[in-house]
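Now for the letters of each chain:
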Amino acid sequence: MSKCSIMWKEQLIRLYSNVCRAYDTKLIAIVQRLSPNCRLKFTDEEAMTLYLWGTQQQQATVKAIHRYAKMHLSEWFPMLPSYQAFCKRIAYLAPAFEAFCEMQIEAAPQPEGTFAVIDAMPIAVARAHRSGVAKVAPELCAKTYCASRNEWYYGVKLHVLASLRHKTFPVPRVALVTPANVQDLDTAKHIFDRVEIRNCSLLADRAYVDKAWKQRLSDAYGVTLLHPRKRCSAIPEWSKGRDALSTAIASARQPIEVFFNWLSEKSLIHFASKVRSALGLRSFVFGKFAAALHLAFNS
């Protein structure tokens, strides 16, 4: 047996073990069934493991993951149900994926540094001309304009607050999903009102500029907000000192952009065009994010 074959089997077993441990300690209370038919031949732990593993193998959709399992993992998942049943199960497990994602964040090794970074990435359900007619999960999605991609899209945003590490990926501390049209600043205020974050320097882009909130961060939480300066048309020439500061802050924020690019590459989270329900979208976002976190911190 080749070393590569042994390696992927060990990784799959490790993933299944972690899912089972999380399911027994927390997830079972979230998705507990009270019906007489609650003993399933294909267990929730197997369904979650298969979805997370398939995502790590860059299978973009539930259908692709199911096809991949039938072709390559039939010995590991002998009771795999039909695609329709598997799709319904993955949607049903949306709260479990959210909780598992939260557990992955809590278990990730937090660095001792005092620098944090906050940003958001778009997750599109529909793009361009389809963004105006899309109606999937209206309770979660909205239409907005993405300046970084220069396009209109219908979907959600994934907001991440992370601790910076030296010359490597930042470690997420908070992950939150909002409709695409919710302002980044409003979400950041919500995060700091609900999560215990104190005494650090927070790197952000111009979307988070607000004098009153900056002062409140300093007074209430001991957090220093650092962001690039907004250009002012009333000032004839841009100050070289301010320009250098803005460049330095933008450079220091680069790891979160690298993390989002890596997340998109490994999990294909950025485009959810095959999602057809609110539960499916929640499973899509948090399942793929949890799969990427497990790949980063447990492999």
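Everything that follows concerns the structure shown earlier in this document.
Residues numbered from 1 in each chain as written. Predicted model: local features only at pLDDT ≥ 70, side-chain atom pairs only at ≥ 80, totals over all residues. Heavy atoms only, no water.

So, on to the side chain of His227. Mapping His227 onto the fold places it in the loop between strand E6 (224-226) and helix H8 (240-252). Every residue in contact with His227, bar those within four places of it in the chain, is listed here: Ala204, Asp205, Val209, Lys214 and Ile249. (Helix = DSSP H or I, 4+ residues; strand = E, 2+ residues; numbered from the N terminus. Contact = heavy atoms within 4.5 Å.)

Okay, the side chain of Arg89 next. For Arg89, the location among the structural elements is in helix H4 (residues 83-92). At 3.4 Å, the side chain of Arg89 forms a polar contact with the backbone oxygen of Thr43. Those residues in contact with Arg89, other than ones at most four positions away along the chain, are Arg33, Leu40, Phe42, Thr43, Asp44 and Ala47. (Polar contact = N/O pair within 3.5 Å; in protein donor to acceptor, adjacent residues only side chain to side chain.)

The complete set of buried residues in helix H7 (residues 211-221) reads Trp213, Leu217 and Tyr221. The buried residues of H7 occupy an angular sector of 50° when the element is viewed end-on, so they sit on one face. Opposite the buried face of H7, by more than 90 degrees, sit the exposed residues Lys211, Ala212 and Asp219. Gly222 occupies a position one or two residues after H7 and carries a positive phi of about 70°. (Buried < 20%, exposed > 50% of the residue type's maximum accessible area, 1.4 Å probe, protein only. Arc of directions from axis to C-beta.)

A contiguous patch of positive charge, built from Lys63, Arg67, Arg130, Lys274 and Arg276, is present on the exposed surface. Note on placement: Arg276 falls in the loop between helix H9 (254-267) and helix H10 (278-298). The exposed category is assigned to Arg276, whose relative accessible area is 58%. (Patch = residues over 30% accessible without salt bridge, like charges linked within 9 Å, V, L, I, M, F, W, Y side chains within 5 Å. Areas by Shrake-Rupley, 256 points an atom, 1.4 Å probe, with all protein chains shown as cover. Salt bridge = Lys/Arg side-chain N within 4 Å of Asp/Glu carboxyl O. Lys, Arg positive; Asp, Glu negative; His and termini not counted. Charge placed at Lys NZ, Arg CZ, Asp CG, Glu CD.)

Right, let's get into the packing of H4 against helix H5 (residues 94-107). For the pair H4 and H5, the least separation of the axes is 4 Å and the interaxial angle reads 50°. One finds that H4 runs oblique with respect to H5. Of H5, the residues touching H4 (which contributes Ile90, Ala91 and Tyr92) are Ala94, Pro95 and Phe97. Residues belonging to the contact of H4 with H5 are distributed by class as follows: 6 nonpolar, no polar and no charged. (Axes fitted to C-alpha atoms, helices over the stretch in contact; angles between N-to-C directions. Parallel < 35°, antiparallel > 145°, perpendicular 65-115°, else oblique. Nonpolar A, V, L, I, M, F, W, Y, C, P; charged D, E, K, R; others polar.)

Moving on, we get to the environment of Lys189. Residue placement: Lys189 occurs in helix H6 (residues 184-194). For Lys189, a relative accessible area of 28% puts it in the partly exposed group. Put simply, Lys189 and Arg216 are 27 residues apart on the chain and 10.0 Å apart in space, counted from C-alpha to C-alpha. Those residues in contact with Lys189, other than ones at most four positions away along the chain, are Asp210 and Trp213.

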